[in-house]
Amino acid sequence: MVTSHAVTWEVLESRGYETAWVEFGDGSLRARGRAVGAVPEPYWISYELETGAGFVTRRLAVTAETESSTRTLDLRRDDAGRWTADGEPVPGVGGALDCDLGLCPLTNTMPVLRHDLHRAPGEREFLMAWVSVPGLVVRPSQQTYTHLGRTDGGGHVRFTSGEFRSDLEFDANGCVVDYPGLATRLR
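Residues numbered from 1 in each chain as written. Predicted model: local features only at pLDDT ≥ 70, side-chain atom pairs only at ≥ 80, totals over all residues. Heavy atoms only, no water.

Enquirer: What should I look at first to understand the overall build of the protein chain in this one?
Expert: Looking only at helices and strands, the protein chain has 1 helix and 15 strands in total. For the protein chain, the C-alpha radius of gyration of 15 Å lies close to 16 Å, the compact-globule estimate for 187 residues. For the protein chain, the spread of C-alpha atoms along the principal axes amounts to about 45 × 40 × 35 Å. By the burial criterion, 47% of the 187 residues in the protein chain qualify as buried. Summed over all atoms, the accessible surface of the protein chain reaches about 9,000 Å², with 48% contributed by carbon and sulfur. Across the protein chain, the centroid of the 19 positively charged side chains sits 3 Å from that of the 26 negatively charged ones. (Helix = DSSP H or I, 4+ residues; strand = E, 2+ residues; numbered from the N terminus. Rg over C-alpha atoms; globule rule 2.2 N^0.38 Å. Buried < 20%, exposed > 50% of the residue type's maximum accessible area, 1.4 Å probe, protein only. Areas by Shrake-Rupley, 256 points an atom, 1.4 Å probe, with all protein chains shown as cover. Lys, Arg positive; Asp, Glu negative; His and termini not counted. Charge placed at Lys NZ, Arg CZ, Asp CG, Glu CD.)

Enquirer: Any chance you could explain the pattern of salt bridges here in plain terms?
Expert: Between side chains of opposite charge, a pair can form when the charged atoms approach closely. Under the definition given, this model contains 9 salt bridges. Here Asp78 makes a salt bridge to Arg82, at a shortest N to O gap of 2.8 Å. Assessed through its relative accessible area of 27%, Asp78 is described here as partly exposed. Asp98 is the salt-bridge partner of Arg114, the closest N and O atoms lying 2.5 Å from each other. Of this pair, Arg114 sits in helix H1 (residues 109-114) while Asp98 sits in strand E9 (residues 98-101); the two residues are 16 residues apart in sequence, bridging distant segments of the chain. We classify Asp98 as buried; its relative accessible area is 0%. (Salt bridge = Lys/Arg side-chain N within 4 Å of Asp/Glu carboxyl O.)

Enquirer: Can you walk me through the packing of aromatic side chains in this structure?
Expert: To describe a pair of aromatic rings, you give the distance between the ring centres and the angle between the ring planes. A complete count under the given rule lists 5 aromatic pairs for this structure. Their ring planes at 75° and their centres at 5.6 Å tell us that Phe126 and Tyr145 sit as a pair that is edge-to-face. Of this pair, Phe126 sits in strand E10 (residues 123-131) while Tyr145 sits in strand E11 (residues 138-150), and the two are 19 residues apart along the sequence. When sorted by exposure, Phe126 lands in the same class as Tyr145, which is buried. On the numbers, 6.0 Å between centres and 65° between planes, the contact of Phe159 with Phe164 is edge-to-face. The rings of Phe126, Tyr145, Phe159, Phe164 and Tyr179 are connected pair by pair, giving a single aromatic cluster. Arg32 extends its terminal NZ or CZ atom over the ring of Trp21, reaching a point 4.8 Å from the ring centre. (Phe/Tyr/Trp six-rings, centres within 6.5 Å; stacked < 30°, edge-to-face > 60°. Lys NZ or Arg CZ within 6 Å of the ring centre and 35° of its normal.)

Enquirer: Can you help me understand the nonpolar core in this one?
Expert: Looking at soluble globular proteins, one finds that nonpolar side chains tend to be buried together. In terms of nonpolar packing, the biggest core is built from 50 residues, with Tyr47, Leu60, Leu75 and Leu106 touching the most fellow members. Contacts of Leu75, omitting those with residues within four sequence positions, involve Arg58, Arg59, Leu60, Trp83, Thr84, Ala85, Val90, Cys99, Ala129, Val131 and Val138. (Core = buried A, V, L, I, M, F, W, Y, C linked by side-chain atoms within 4.5 Å. Contact = heavy atoms within 4.5 Å.)

Enquirer: What is the right way to read empty space enclosed by the protein from this model?
Expert: A complete count under the given rule lists 1 cavity of 30 Å³ or more for this structure. By volume, the largest cavity is sized at about 70 Å³. Considering the residues around the largest cavity, the lining is formed by 14 residues, among which Glu18, Ala35, Tyr43, Gly102 and Leu103 are closest to the centre. Every element with two or more residues in the lining of the largest cavity is listed here: strand E2 (16-24), strand E3 (29-37) and strand E4 (43-51). Considering every element that reaches the lining of the largest cavity, the biggest residue donor is E4, with 3 residues. Class assignment of the residues belonging to the lining of the largest cavity gives a composition of 11 nonpolar, 2 polar and 1 charged. (1 Å grid on protein atoms, 1.4 Å probe; cavity = no way out; pocket = protein on both sides within 12 Å on 5 of 7 lines; lining within 4 Å. Points joined across faces, edges and corners; volume = space filled by probe spheres on them. Nonpolar A, V, L, I, M, F, W, Y, C, P; charged D, E, K, R; others polar.)

As structure tokens, this is what we get:
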């Protein structure tokens, strides 16, 4: 069964907004979204995200526009865990299951849903194919997600990467409700 949701966040870190239309299927999701921000420079972002079984990223297609340039990225993961950006291999991210689009709360959804971390105890470490915004440069990023507790239908999960740490709130669908310092869902 496929369910659809529209989600809008105020993205505090970029002084902007993001809206995503998300379709959840049996262990997978598809999304398309748009974001506008003013930091680090004024930009517009459009993206399409597709996962396969287990919420494992298949493809992230992104267009970023600034006053001086338009960039595109076609990031893909094959069944063997190899990543390509615009057809070229991406070093350092082999075996990663997820992409992480910078300043995008939606891309925190996949690892949380895969391990039910918004509902059940556990801690998981991940290697991510992290994408900078608005530059669209892909780099490896080590991240840890730790279940902290349940809420009415969702839960709290601690996100850490290097020295950065934030306690995120997720809804029952696994979408970010509050990411302190980065984004808050508009209701």
